[in-house]
Amino acid sequence: MAKIKHNNFINTVNEVINNARRQNIVHLYAEDKKFSGRLIKINGKSLFHFGTTGYLGLEQDQRLKEAAIKAIENYGTQFPLSKTYISHPLYAELEEKITQMYNTPIIITKNSTLGHLAVIPSAVEDDDGVILDHQVHWSVQNAVQLVKSKGVKVEMIRHNNLEMLESKIRELSKTCNKIWYMADGVYSMFGDFAPVGDLMKLCKEYPKLHLYFDDVHGMSWIGKNGTGYVTSKLGTLPENCLLFGTLSKSFGAGGAVLACSNLKLRDKIKNFGGPLTFSAQLDPASVAAAIASADIHLSDEIYEMQKDLEVRIQHFNSLLMKSNLPLVDLNVSPVFFVGTGVPETGYNFVKRLFDEGFFVNLGLFPAVPVKNTGVRITISRHNQLREITALVEAMNYHYPKALEDTQTNLNRVRKLFKLPELKTKIDKIPTQDLILQHFNSITDVEKSLWNKHMANNSIFDWDGLAFMEKVFSNNQASENNWEFHYIIIKDKMGNPVLITFLTIALWKEDMLAPISVSTEIESKRRKDPYYMSNKVLSTGSLLSEGNHWFLNEEHPKREEAIQMLLTTMENIDNKSPVEMFVLRDFRMENTKLNDFLHKKGFIKIKMPDTAQIQNLNWINEPTFVNSLSSRSRKHFRKDIVPFLGKVEVKWKTKTCKHELDQIYQLYLNVKQNNLGLNTFAYPKNLFWAMNESDLWEFQCIYPKDNQEKLIGVMCCYNNNNTTFVPVLVGMDYEYVTKINSYRILLYQTIKRAGEQGYKNIDFGLTAAFEKRKLGATVFNTFAYVQAKDNFTMELIATLQN
């Protein structure tokens, strides 16, 4: 499926965060008059603080506070001048001490985000390549976009996948001077580590490989002089490695630090590193606090603090190991992630812990995949052992209740995080007061019931589905074999509450991506036709569009029916695994449905606009023209009427094999030239089946002066004698500009529908502008998507300009 377009991505994140904000979980305000580090007051209640990234508690160290106060008294609240000209008096001392800590030349930056923006464009040259771990911090990925815009090749690998990394290294080595692999030392959500030792082995095997680590979450609590996880594994920093640490978080002050053994590169970054030149420098208080912290890091006291924290981490780990809580990664970092699966369960669990007196963070999309929501717990030296014990007791008590409240169970959650399932089934989902029927063929479904609720829309009336089942089965190519599922949910009185059909099919992951992205990906598909493609379980099919479900919005059990559908989709996935669930194509905004699906782990994405002509009242051409807007009438007279005499139009329910071959080639012309909706090409037998069916007809157009040459075709379906559906178009592109053949095809389709007495025309997706000019109403459409991980979305983001 596609990367969500930028504005749509922002809107999606906005909806997700707003949903969490309405649950009173994010965008909170601390109300304390004075911080201790141990407690935090929210909504009038003091909670034990298990959400800090100040792992050593140095932000409350009296020595740092006194240094900051003294600096303000001596130098003011800030020194408003670029460091390029002059640094305030404390900077030199800080740089000297941090250099001593790392035993490597360093650069101080305002923060790590601005640091990456300064360093990456300076270090990565035009003939270099970049490989991103797909869980590397957003600030790194964002900075990489600056070098991508200069033409630097950017690739992405799955998290810590060394086999995939080596493959990308070999590929980039053919064209790149240096290859930068960018990763976190300690990952901020799950608390797991980069495989530093294995990466250094790869560097020896591939001399072009350089490493770029963001180790801000590894700072202080581990490593010599508290310089972090990466240095704890590397010892001396090699010249082919750039390392970011932080002076905030566990360091207790403010700012960030780049360690760089290559003096020439260090000078290049310092002399012109974007924000280093044009951003304000750290204020005197932050620098003074950092100096005080550096003194601690340079003393043996830092190791006492590290051991003190280690005792707490080990205590927490030992308690978790005795529980059934789904800890995503067992390690020795102070960051822990207990999976909840869908956001709804996470909301419930976090609120329960708040009520018990514990503040924890909720990991949400886009920081984690939407269905990998979970509680992120951090341990600091502020936390006492008895409070850690009490937290685990509270989690053990409330976690099963959160699962029960949200109609899920522990094994479902464990499966989402690829954790071993428990042998004992627990927390069974309560049975609902509804009856579900699940069929694998439309022939098992009552025709009158189906058509009453699902006909007159696209090609998924009963007969249309029987047609699709026949065509998309027993084919050689895997993309042309679809698995069909029909879901009918009724109440105990037999009244339908929800009706839909689902298909499992192979989708191109760039289906809705920008054309430039699909163009690049298609170049790779010349060697590997199934590159970046995956099975998707979706309402509807890849041949149909429109509202693919009937839902009784007034029924009191409607949400239970949707939940039953989602559970059925999970059961289907258990038997025929897929990478994504998709519910499509919605037109009307439904706030209740939107909130419900967000809580269940779906995010909303924009689909191509669709077009319809409703209440068609065709009598003759003048009647049609008068129904158009004044602008559309001008378009019709200028761009269509002059060309009508240049073509011969024939409507055929049957044609010969030779012409079917031509029709298929014209379809492929359009398919290859239209990457805006990038799908696999349909099989040739689809057109043969159309030719054999009484429900399909072909609009064929020929030049007047050569009626043997087919230059355009529109394949149209009769839905229940009510809706005319132009499903597929084929064109000879030489004639698109010469005689406006596409516009003629659209007009003749409208004319045919009117003459045959149809009430509606479903024009389908794409080319909405052209359809609007001929009187169609254009609708915005969207879908709800639930992916198993964010890798594809983030990979496609690296391909966008």
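Residues numbered from 1 in each chain as written. Predicted model: local features only at pLDDT ≥ 70, side-chain atom pairs only at ≥ 80, totals over all residues. Heavy atoms only, no water.

**What to know about the overall build of the chain**
In terms of helices and strands, the chain carries 29 helices and 26 strands. Its C-alpha radius of gyration of 31 Å places the chain within 12% of the 28 Å reference for a compact globule of 801 residues. Based on the C-alpha atoms only, the size of the chain along its principal axes is roughly 90 × 60 × 50 Å. Out of the 801 residues in the chain, the part that is buried amounts to 60%. For the chain, restricting intrachain contacts to residue pairs at least 6 apart in sequence, the fraction spanning at least 24 positions comes to 75%. (Helix = DSSP H or I, 4+ residues; strand = E, 2+ residues; numbered from the N terminus. Rg over C-alpha atoms; globule rule 2.2 N^0.38 Å. Buried < 20%, exposed > 50% of the residue type's maximum accessible area, 1.4 Å probe, protein only. Contact = heavy atoms within 4.5 Å.)

**Re the packing of helix H17 (residues 462–471) against helix H25 (residues 684–692)**
Between H17 and H25, whose axes approach to 10 Å, the crossing angle comes to 140°. By the angle class used here, H17 and H25 are oblique. The hand of the H17/H25 crossing is right-handed. Only Asn685, Leu686, Ala689, Met690 and Glu692 of H25 make contact with H17, whose side of the interface consists of Phe467, Lys470 and Val471. Split into classes, the residues belonging to the contact of H17 with H25 amount to five nonpolar, one polar and two charged. (Axes fitted to C-alpha atoms, helices over the stretch in contact; angles between N-to-C directions. Parallel < 35°, antiparallel > 145°, perpendicular 65-115°, else oblique. Left-handed = near helix turned anticlockwise from the far one by under 90°. Nonpolar A, V, L, I, M, F, W, Y, C, P; charged D, E, K, R; others polar.)

**Observations regarding the packing of aromatic side chains**
Aromatic ring pairs: the centre-centre distance and the angle between the two ring planes describe each pair. Within the structure shown, the criterion is met by 35 aromatic pairs. With centroids separated by 5.4 Å and ring planes inclined at 80°, the aromatic side chains of Trp549 and Phe586 adopt a geometry described as edge-to-face. Linking Trp549 in strand E18 (residues 549–551) with Phe586 in strand E19 (residues 580–586), this pair joins segments that are 37 residues apart in sequence. For the pair Trp549 and Phe586, a shared accessibility class is recorded, and that class is buried. Its guanidinium or amino end placed over the ring of Phe680, Lys508 lies 5.0 Å from that ring's centre, counting from NZ or CZ. Above the ring of Tyr702, the side-chain terminus of Lys650 is found at 5.1 Å from the ring centroid. (Phe/Tyr/Trp six-rings, centres within 6.5 Å; stacked < 30°, edge-to-face > 60°. Lys NZ or Arg CZ within 6 Å of the ring centre and 35° of its normal.)

**Regarding the sheet that holds strand E12 (residues 361–363)**
Taken together, three strands build an open sheet; the order of strands is E10-E13-E12 and the sheet is antiparallel. If you trace the sheet from one side to the other, it starts and ends with strand E10 (335–341) and E12, each paired once. Strand-to-strand twist in this sheet, taken as the mean axis angle between neighbours without regard to direction, amounts to 30°. With three bridges joining them, E12 and strand E13 (residues 373–378) adopt antiparallel strand pairing. Bridge assignment links Leu362 to a residue of E13, and that residue is Val375. (Pairing = 2+ DSSP bridges.)

**Some points on the side chain of Arg752**
Considering the arrangement of structural elements, one finds Arg752 in helix H27 (residues 741–755). A distance of 2.7 Å separates a polar atom in the side chain of Arg752 from a polar atom in the side chain of Glu697. Excluding residues that lie within four positions of it along the chain, Arg752 makes contacts with Trp651, Glu697 and Phe724. (Polar contact = N/O pair within 3.5 Å; in protein donor to acceptor, adjacent residues only side chain to side chain.)

**A few points about the confidence of the model for the chain**
One rule of thumb: low pLDDT means the predicted coordinates there are not for detailed reading. Residue-level pLDDT values for the chain average 92, and 98% of them are 70 or greater. Confidence drops under a pLDDT of 50 for residues 1–7, and excluding neighbours within four residues, the segment shows 28 contacts in the predicted structure. (pLDDT = per-residue confidence, 0-100.)

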